[in-house]
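# Understanding the architecture of this molecule
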Amino acid sequence: MAFRTDPPAIDASAIIWDETGQEDPRSRLLAHIRVAGVDMHLEAIEVAETEDGQIAICDERRNDLGTLQDIEGTAFATVEIGGRDYVLYATPYGA
């Protein structure tokens, strides 16, 4: 995997989040970003650290987070948003 020491950055203050979690709206956040002209969903999944590792707080994304961690072979770095810890990932909009 290519790791760059000076990648392009998106300032956190530029991201407008929508709260989309089912039981707790703040447990799953969604934003719209554009990378190289491609519109993308930027999703923030609230996580907790347990003895078994990182788990998603929102039930509707628990399996998705586990699948992403299995693909990458690791837990993910988190970002704090509004006092909660989230894993971020981006996917392109559908065609």
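Presented here is an overview of the structure given in this document.

### Here's the deal with unusual backbone geometry
Its identity as a non-glycine residue notwithstanding, Ala-36 has a phi of 50 degrees, on the positive side. Looking at where Ala-36 falls in the secondary structure, it is placed in the loop between β2 (28–35) and β3 (38–50). A relative accessible area of 81% places Ala-36 in the exposed class.

### Regarding the nonpolar core
With seven residues, the main nonpolar core is built from Ile-45, Val-47, Ala-56, Cys-58, Leu-65, Val-87 and Tyr-89. Among the elements of the structure, β3 and β6 (84–92) are those that each provide at least two residues to this core. Beyond its immediate chain neighbours, meaning those up to four positions away, Val-47 contacts Gln-54, Ile-55, Ala-56, Ile-57, Leu-65, Thr-78, Asp-85, Tyr-86 and Val-87. Core analysis: the next-biggest nonpolar cluster, separate from the first, contains five residues, Ile-15, Ala-31, Ile-33 and Met-40 among them.

Thresholds applied
- Residues numbered from 1 in each chain as written.
- Predicted model: local features only at pLDDT ≥ 70, side-chain atom pairs only at ≥ 80, totals over all residues.
- Heavy atoms only, no water.
- Helix = DSSP H or I, 4+ residues; strand = E, 2+ residues; numbered from the N terminus.
- Buried < 20%, exposed > 50% of the residue type's maximum accessible area, 1.4 Å probe, protein only.
- Core = buried A, V, L, I, M, F, W, Y, C linked by side-chain atoms within 4.5 Å.
- Contact = heavy atoms within 4.5 Å.

Worth remembering: the numbers are spatial, not functional.
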